[in-house]
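Each chain, written out:
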Amino acid sequence: MAEGGAKRAASPTRTISPPPLRRKVESSINKASAASFFAPTSQKKPKPISWRIVGTELVVGKYTPQKTSDTTAEKNRKIAAFDMDSTLIKTRSGNTFPRSADDWQWWDGSVAAKLGSLHEEGYQVVIFSNQKKISIQKEIKAGKTDSKSLTMFKEKLTAIMSALNIPMSVYAATQATEYRKPRLGMWREFIDDYDLDVIGIDHKESFFVGDAAGRPNDHSATDLGFAINAGLPFKTPEEFFKGVVEPPAPVTLFNPTAYIKTESESVPIPFTRKHPLELVIFCGSPASGKSTYFKNNLEPLGYERVNQDLLKTRPKCVKVAREHLEANRSVAIDNTNADPETRLVWIALAKELGVPIRCVHFLSPPDLCRHNNAVRAANKELNPEARTSLPGIAFGDFKRRFKEPRVEEGFVDVTDVEFRFQGDEEARRIWGQFWV
Ligand SMILES: Nc1ncnc2c1ncn2[C@@H]1O[C@H](COP(=O)(O)OP(=O)(O)OP(=O)(O)O)[C@@H](O)[C@H]1O
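In this report, we go over the structure that sits alongside the text. (Residues numbered from 1 in each chain as written. Predicted model: local features only at pLDDT ≥ 70, side-chain atom pairs only at ≥ 80, totals over all residues.)

Structural notes on the overall build of the chain
As a reminder, the rule being used: Strands are runs of DSSP state E lasting at least two residues, helices are runs of H or I lasting at least four, and both sets are numbered from the N terminus onward. Using C-beta atoms placed from the backbone, we call a residue buried if 20 or more other C-beta atoms fall within 10 Å of its own, exposed if 12 or fewer do, and partly exposed for counts in between. Contact between residues is assigned whenever the C-beta positions, reconstructed from backbone atoms, fall within 7 Å.
Per the secondary structure count, the chain includes 14 helices and 14 strands. The buried share among the 436 residues of the chain stands at 38%. Long-range contacts, defined as pairs at least 24 residues apart, comprise 75% of the intrachain contacts of the chain with a sequence gap of at least 6.

This is the structure we're talking about:
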C-alpha cells in the first residue's frame, strides 16, 4: 500500500506486452540540480547505502552489501519489483502511517527469505513506492538538507535494506508528478540508473508486487496500473508471499484506451467556417482539449486565437479579440467560458461589432481532463506551451460554474465536440498509459 488504505486477498498474475524499454521523456526536473548521482556520504569510507534526491519529487536509495556476489545477468535481466508499505512491510503500531523510523515489521514472515532467494536466483530487486508524506521542498528552500520525514524514511529504509543485506534499490515518489505510480517516471529512472535499456529486461520473468490492485477493499489500483504501464506481470502480496489466488480485479484507474479509436474513427468531424467573419467561443473544462482542437481545426482555417492563460486578463482578451475582428480577422476564444455570465461578455462584443457568434462545446468528462492534465505536465513534447500541472481545484471550480451553453444565449449554433485522440504512435503510447 502506498499511502494508507485497506487491503485484501490476491488476484492472479496478469501479463501484457511490454512497452519499448525506454523513452527519453524530458522531465520537468532539472537533473543537473539533483544531488550528485548516488554520491557516497563519505569519501573515505563508502557506506553500503547512498542516497540521491531528484528535484523535490524523488528519493533514490541504493544498497550495496560489503561482501556481495553479482548474481544478475549481463543481458536480459530479471527484475523483482515491489511496492513497500503493506507489501514488504507493515507498521508495528498498527497505524496506517508509521510513528517513527522503527515502526515497521515484515508484512509476512516469508518476506526476507523470499527476497534473499530472488537475489540468489539472479533477480535485481527494487522497491517503487509512493511516499507523499515525505516533504522535501520546504527544507530545500530553507537551505537545509533533510526534513524530518525524509530523515525518518532514510532511517527506515536503511534498517530494511540492511536486514535484507542484498544489492537493491528504492525509488520513492514524494509528489503527484510524473514519478508517482501508476506513472512511469520511477521506472524510467531505474532503467536509466542501471543501463537496462542496453542490458535489456526479461519481461516474462520479471514482476511487480503491490497491494494497490483495485480489489474491492483496496485504496486504489495504482500498483496494478504501474505494472501494466511498465509491461510487468503483476501479483498481489497475498499471491506472491502467501500463495493465495483470486480472480483478477478490474483496473479501477482511468483507462484512456477507450478514447483511442481506429484510424478511420479517429478523424473528428471537421470544423467548418459558416461566415466570412465570425467570433467562435470555446466552452470546456481545463485540459479538455480546447487548444489542441484550435490548433488542429481552426488555425488551419485562419482563425486567430485569444487565450487568457497567455493574455492574463479578460479585458486584455476582449481588447485583442476586438482588434482582430475590426481588422476583419475571425477569432476563437480559447478559454473555459463555463457560465452564461462569462459567455455574455463575448455575445455583447459580437453584437456591438455586428459579427455572428458561435460556440464550440467540449464534452470531455472530468477524468479524461485530469488525465490530459497529467500527461501534458509530464511530457514536454506534448506540451507546446510548457503548462504546469493544474491543481484539482481548477476542475472543481469549472464543474461548479459550468452551465451548458445554449443557442438561446445568442449563438448562431453550438457545436458539441467529443474527444478523439489524435497523435503519432509515440504520443499514443504515452497518452494511452494509466496516469490518474
Ligand atoms: N485530440 C487530442 N488528441 C491527443 N491528445 C490530446 C488531444 N487533445 C488534447 N490532448 C492532450 O491533452 C492535453 C491538454 O489539452 P489542451 O491543452 O488542448 O487542453 P485545454 O482544454 O486547452 O486546456 P486548458 O484549459 O488547461 O488550457 C494536451 O497537451 C494533449 O497532451
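Overview of the sheet that holds strand E10 (residues 279-283)
Selection criterion: Two strands make a pair as long as DSSP finds a minimum of two bridges between them. Fitted lines through C-alpha atoms give the axes, limited to the stretch in contact for helices. The angle between two N-to-C directions lies from 0 to 180 degrees.
Spatial strand order, E11-E12-E10-E13-E14: 5 strands in an open sheet with parallel pairing. Looking along the sheet, the strands with just one partner apiece sit at the ends: strand E11 (304-306) and strand E14 (414-417). On average, adjacent strands in this sheet sit at an angle of 20 degrees to one another, irrespective of strand direction. The pairing of E11 with strand E12 (residues 331-333) spans 3 bridges and is classified as parallel. The residue of E12 that forms the bridge with arginine 305 is alanine 332. Running over the sheet, helix H10 (residues 314-326) touches E10, E11 and E12 and is turned about 160 degrees from E12.

What about the site of the ligand?
Definition in use: For each residue, a C-beta atom is placed from the backbone, and the residue is labelled near a molecule or strand when this atom is within 6 Å of it. The classification used treats Ala, Val, Leu, Ile, Met, Phe, Trp, Tyr, Cys and Pro as nonpolar, Asp, Glu, Lys and Arg as charged, and all other residues, Gly among them, as polar.
Around the ligand lies a shell of 20 residues, among which Gly289, Lys290, Ser291, Thr292 and Asn372 are the nearest. Every element with two or more residues in the shell around the ligand is listed here: helix H8 (290-298) and helix H12 (366-378). The residue inventory of the shell around the ligand, partitioned by class, reads 6 nonpolar, 10 polar and 4 charged.

Notes on the pairing of strand E6 (residues 123-130)
Burial analysis of E6 places 8 of its 8 residues in the buried class, the great majority of the element. Going residue by residue along E6, you find Tyr123, Val125, Ile127 and Ser129 tucked away on one face and Gln124, Val126, Phe128 and Asn130 tucked away on the opposite face as well. The pairing of strand E3 (residues 78-82) with E6 spans 5 bridges and is classified as parallel. Each residue of the ladder has a partner; that of lysine 78, found in E6, is tyrosine 123.

Some remarks on the sheet that holds E6
Spatially, the 7 strands line up as an open sheet ordered E1-E2-E7-E6-E3-E8-E9, and their pairing is mixed. The sheet is open, and its two edges are formed by strand E1 (49-54) and strand E9 (234-235), each paired on a single side. As paired strands, E1 and strand E2 (residues 58-63) are joined by 6 bridges and run antiparallel to one another. Considered in E2, the bridge of arginine 52 is made with valine 60. Contacts between helix H4 (residues 185-193) and the sheet are confined to E2, E6 and strand E7 (168-173), with E7 contributing the most and set at about 145 degrees to the helix.

Considering the nonpolar core
Rule in force here: We define a nonpolar core as a collection of buried residues of the types Ala, Val, Leu, Ile, Met, Phe, Trp, Tyr and Cys that are connected via C-beta atoms lying within 7 Å of each other. Throughout the structure description, domain borders are defined by an automatic or database domain assignment.
Among the nonpolar cores identified, the biggest contains 68 residues, and Ala81, Tyr171 and Phe208 are the most heavily contacted of them. At 6 residues, the largest contribution of residues to this core is made by helix H3 (residues 148-164). Split by domain, this core shows at least three residues from each of two domains, domain 1 (31-249) and domain 2 (279-431). Alanine 81 has contacts with Val126, Phe128, Phe207, Phe208 and Leu232, leaving out every residue within four places of it along the chain. Membership of the second largest hydrophobic core comes to 28 residues, among which are Ile281, Ala350, Ile357 and Val360.

Considering helix H1 (residues 111-120)
Formally: Note that the arc is computed from the directions linking the helix axis to the C-beta atoms.
Those residues of H1 that sit buried are Val111, Leu115, Leu118 and His119. Seen end-on, H1 carries its buried residues on one side only, within an arc spanning 100 degrees. Turned more than 90 degrees from where H1 packs its buried face, Ala113 and Glu120 sit exposed. Remark: glycine 122 follows H1 within two positions and exhibits a positive phi of approximately 95 degrees.

Comments concerning the environment of isoleucine 347
With respect to the helices, strands and loops of the structure, isoleucine 347 is situated in helix H11 (residues 340-353). We classify isoleucine 347 as partly exposed; it has 17 C-beta atoms within 10 Å. Between the C-alpha atoms of isoleucine 347 and leucine 279, which are 68 residues apart in sequence, the distance is 9.0 Å.

Considerations on H10
Stated precisely, the cut-off is as follows: For a helix, the expected span equals 1.5 Å multiplied by the residue count minus one.
Counted at 1.5 Å a residue, the expected span for H10 with its 13 residues is 18 Å, and the 18 Å between its end C-alpha atoms agrees. Listing the buried residues of H10 in full gives Cys317, Ala321 and Leu325. Around the axis of H10, the buried residues are gathered within 60 degrees of arc, so they sit on the same side. Seen from the buried face of H10, the exposed residues on the opposite side, beyond 90 degrees, are Pro315, Lys319 and Glu326. Where the residues of H10 are buried, they touch E10, E11, helix H9 (308-311), E12 and H11. Immediately downstream of H10, the backbone of asparagine 328 shows phi near 70 degrees, a positive value.

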